[in-house]
Amino acid sequence: MNFSFSTLLMAFLVSNILVVFIALCFRRQKILLSVGYKVLVVFLFLTILRFIFPIELPVSTNIMLPGFLSPVVTFLRHPFFRPLGLRLSPWFVFEIVWVIGSLHYLRLYIKDCINMRGLVTGAIKEVTHEEPYASLLAEICGRSRNRFRVLISGSIETPCLYGIVRPYILIPKDMPLTREELYYVLHHEVTHHKYHDLLTKRVVRIMYIIYWWNPACRMLRKQVELLLEMRIDGTLIKKDQDVAQEYMMTLFRVADMAIDNKYQLPAGDKVSMAGIGSSALSQRIDMMLRERKKVNVLLTLFLCALIVTVYLGSYLFTFESWYAPQGIVEGTFGMPDRIYAVPKEDGTYDIFLYYEFIENVGSLDNYPSDIQIQQ
């Protein structure tokens, strides 16, 4: 396995293609209703994996980028700046900015987590063992272990779930709910915990912290949140028309009361029943109504085959480019004393021309077979 500029470029290209494709599925209502949210969940899972593993496999085949892209890559990798003897290329400067930005977003994430923890510790009171909360939780959990604690908070606008190991369900103080509505609210949050959605959101948030400069990651976060809610909606209604109607009415009422609430939840590790916007709520309602319709099998199979092909192909093929001007590279062919490679501990090679660093590559496939290798 190898990690290099080329593998990161490949991961960036493919993951962005996948994110844009999924976004188009969301925008085209006909496609979204034809394939369903479960297929899009698989697409998002593959996209997240591609972000997490920007590597090149031993079986990968290098493909040369078109010639017009070589000057761009040359500019990014060329060491224009040499303060204190260091070789600083635009790509190296970007890496420094990348690390600084990631630390900044990590700080914001930690701050959000602290704020969410503050909402839990600052709750007005705990009503876990009071009625109707105790009996409703017992009914929802059944024989499953009931580890949930229900807290009333005066600092949130909508019910939410917090805590991966020790789950807390927070209910707004100024949100009067009937027993039936409270049942659906609690059931919604308990099901989130059952499917480990908080852990999923944490993984996506960490991925965003790493790839903060990629606009596709911001889009991916919103898509994941919406799909998690769609999955819970589909699980709770179970294609029962009466249950679906009652559940949707509860969603509308919770969302309506949340609009009048002046508080805003921190973007920490939590999921909320109706806190992702009116357009997302509309899509969730459409999907619940669609659950009684038949899935377009041919379209679903085609999209799955397309996405899987793109995903696997991105590991089988890696785009490589000459980072030195073409004229210089051509002039070195047959002159191994002028251009040579220095192997590194990670399995890559540093390429030098007249003792000047040119690039770091994962293999020497695109260089002359008689290139000199210096230890």
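Everything in this summary refers to the structure shown in the same document.

Thresholds, definitions, all that
- Residues numbered from 1 in each chain as written.
- Predicted model: local features only at pLDDT ≥ 70, side-chain atom pairs only at ≥ 80, totals over all residues.
- Heavy atoms only, no water.
- Helix = DSSP H or I, 4+ residues; strand = E, 2+ residues; numbered from the N terminus.
- Buried < 20%, exposed > 50% of the residue type's maximum accessible area, 1.4 Å probe, protein only.
- Contact = heavy atoms within 4.5 Å.
- Areas by Shrake-Rupley, 256 points an atom, 1.4 Å probe, with all protein chains shown as cover.
- Patch = residues over 30% accessible without salt bridge, like charges linked within 9 Å, V, L, I, M, F, W, Y side chains within 5 Å.
- Salt bridge = Lys/Arg side-chain N within 4 Å of Asp/Glu carboxyl O.
- Lys, Arg positive; Asp, Glu negative; His and termini not counted.
- Charge placed at Lys NZ, Arg CZ, Asp CG, Glu CD.
- Pairing = 2+ DSSP bridges.

1. Observations concerning the overall build of the protein
Helices and strands together make up the secondary structure of the protein, namely 13 helices and 11 strands. In the protein, buried positions account for 48% of the 375 residues. For the protein, restricting intrachain contacts to residue pairs at least 6 apart in sequence, the fraction spanning at least 24 positions comes to 71%. Just so you have it, the protein exposes about 19600 Å², and 62% of that area is on carbon and sulfur atoms.

2. Structural notes on a negative patch on the surface
On the surface, a cluster of negative charge is contributed by E180, D240, D242 and E246. When you line up the elements, D242 lands in helix 10 (residues 241-259).

3. Structural notes on the sheet that holds strand 5 (residues 168-172)
Pairing is mixed across the open sheet formed by five strands, whose spatial order is 2-3-5-4-6. The sheet is open, and its two edges are formed by strand 2 (125-126) and strand 6 (270-272), each paired on a single side. Note: strand 3 (residues 149-153) against strand 5, five bridges, orientation parallel. Following the sheet pairing, S153 is matched in strand 5 by P172.

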